[in-house]
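Analysis of the macromolecular model
The primary structure of each chain is shown beneath.
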Amino acid sequence: MKRRDFIQQSSLATSLLMVPNFIKAFEGSILNERSFKKLVIVQLSGGNDGLNTIVPYTNDVYYKSRPKIAIKASEVRPINNTLGFHPGLLPMQRLYDKGYLSIINNVGYPNPSRSHFRATDIWHTASDSNDYLTSGWIGRFIEQNGKKPFSAIEIDDSLSLMLKGREINGIATKNPKLLHNNMNTPYFNKVLKQQTDRHLSEHNLGYLYKTMIETKSSAKYIYETSKTARAKIEYPQNPFGKQLKTTAEFINSGLETKVYYVSMGGFDTHANQINSQARLLDVYSKAMEVFVKDIDEQGNLEDTLILTFSEFGRRVEQNAANGTDHGAANNVFVIGKNLKKPGLYNEAPNLDDLDTNKDLKYSIDFRSVYATILSKWLKVDTKEILNYKGEILDFI
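Now for a look at the structure at hand.

Here the focus is the overall build of the protein. Counting secondary structure elements, the protein contains 14 helices and 12 strands. Burial analysis of the protein (396 residues in total) assigns 58% to the buried set. A separation of at least 24 residues holds for 72% of the contacts in the protein among residues at least 6 apart in sequence. Only carbon and sulfur atoms are counted for the fraction: they give 48% of the accessible area of the protein, which is about 17,300 Å².

Right, here's the structure in full:
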């Protein structure tokens, strides 16, 4: 079969892995270990407006900068006498009151990018703003820790840069049964039967064959393991709720996966922000509360940490379309059962001291959040994963 035909006919586009292994040898390496630390990463794609999420409801600059889109002080759910939750975040406030939520303000990096694509790449690769990497920080993590495609799973149909390593990639699926069935179609099996050791040694064709072998093995393991667990509580009937339901079933089944990645889009609120952000935060917070309850009732929250981030915040001043444009520093949420510092981790944004672009200044580099999670939660050496020597934080 010609390589061009093989690539065109193959439906394999979701999960890539470049280490040669044969199916049986790979399957034999599956462990039964169930108690290990897991990380769930949630991205609010589009650049969520952090100032209208954790609202400085007693700050005059905030209200003067946003005459038509500021959240009214009477609607805010107070955290303290200066900051409060957006009214759509009542479920998050309940997690906060339980001590399950830490809010880290002013997270960013030097010379921030306002491009969605570039800023997402920076957060996914943990690079400097002038450094262009081709591997993600989770991809590099699983190359050192796990070394199996299902060590990191993205609940989607395509794989993001975050889960791509130099030689090993994570796997992407939002329907393990469909992935398993696709890997067992007559056409796929016919293609695999044509594989020989000679093919595996060829650069391009060998790469695709190895990818198919590894993906087939992973699909079988993920499907057969995860089908043993079904959610016992009802999730919101929306795409984000379904993603979290699948993630919970993976975790509760005992799947040997260390990192999960979920993304929710729509946060690029350049116009008419009030209603659109309210709807999005409502969807996010309701689904998150159900997800936390689900894995908590199954005894898995003790070993699960949940990080929510957005690729950038929004500008302090509203625009003419009653929205906000791309900004810089933002808040991130960390959810877990045994947080060392639940609540507000650090100072609120200083609206009287903006950067030269009149954006919020960052005080915590996002790689410090990653380094803290890697070293103190996942218990790994960060040197080869981040190449970052900044501060280790104290939220876990």
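Time to look at the side chain of R140. Along the chain, R140 turns up in helix α6 (residues 137–144). Looking at R140, its side chain comes within polar contact range of the main-chain oxygen of T125, at 2.7 Å. Every residue in contact with R140, bar those within four places of it in the chain, is listed here: T125, A126, L133, S135, G165, R166, E384 and I385.

Attention shifts here to the pattern of salt bridges. Counted under the stated rule, the structure contains 17 salt bridges. A salt bridge links D359 to R114; the nearest nitrogen and oxygen atoms lie 2.5 Å apart. One end of the pair, D359, is in the loop between β11 (343–344) and β12 (364–365); the other, R114, is in the loop between β5 (101–108) and α5 (116–125), and 245 residues separate them in sequence.

The relative placement of two packed helices comes down to the angle between their axes together with the axis-to-axis distance. Following both chains from N to C, one finds helix α11 (residues 239–252) and helix α12 (residues 273–297) inclined at 15 degrees, their axes separated by 9 Å at the closest point. Comparing the axis directions of α11 and α12 gives the class roughly parallel. Like other packed secondary-structure pairs, α11 and α12 cross with a definite hand, here right-handed. Contacts between α11 and α12 involve F240, G241, L244, T247, A248, I251 and N252 from the first element and V283, Y284, A287, M288, F291, D294 and I295 from the second. Classifying every residue of the contact of α11 with α12 gives 10 nonpolar, 3 polar and 1 charged.

There is about 260 Å³ of room inside the largest pocket. Listed by contribution, the elements that provide at least two residues to the lining of the largest pocket are α7 (176–182), α10 (203–226) and α11. Here the lining of the largest pocket takes 6 residues from α11, the largest share from any one element.

As for its placement among the helices and strands, V191 is situated in helix α8 (residues 186–193). Between the alpha carbons of V191 and Y209 there is a distance of 8.7 Å; along the sequence they are 18 residues apart.

What counts, and where the lines are drawn
- Residues numbered from 1 in each chain as written.
- Predicted model: local features only at pLDDT ≥ 70, side-chain atom pairs only at ≥ 80, totals over all residues.
- Heavy atoms only, no water.
- Helix = DSSP H or I, 4+ residues; strand = E, 2+ residues; numbered from the N terminus.
- Buried < 20%, exposed > 50% of the residue type's maximum accessible area, 1.4 Å probe, protein only.
- Contact = heavy atoms within 4.5 Å.
- Areas by Shrake-Rupley, 256 points an atom, 1.4 Å probe, with all protein chains shown as cover.
- Polar contact = N/O pair within 3.5 Å; in protein donor to acceptor, adjacent residues only side chain to side chain.
- Salt bridge = Lys/Arg side-chain N within 4 Å of Asp/Glu carboxyl O.
- Axes fitted to C-alpha atoms, helices over the stretch in contact; angles between N-to-C directions.
- Parallel < 35°, antiparallel > 145°, perpendicular 65-115°, else oblique.
- Left-handed = near helix turned anticlockwise from the far one by under 90°.
- Nonpolar A, V, L, I, M, F, W, Y, C, P; charged D, E, K, R; others polar.
- 1 Å grid on protein atoms, 1.4 Å probe; cavity = no way out; pocket = protein on both sides within 12 Å on 5 of 7 lines; lining within 4 Å.
- Points joined across faces, edges and corners; volume = space filled by probe spheres on them.

Read these as geometric descriptors, not functional statements.
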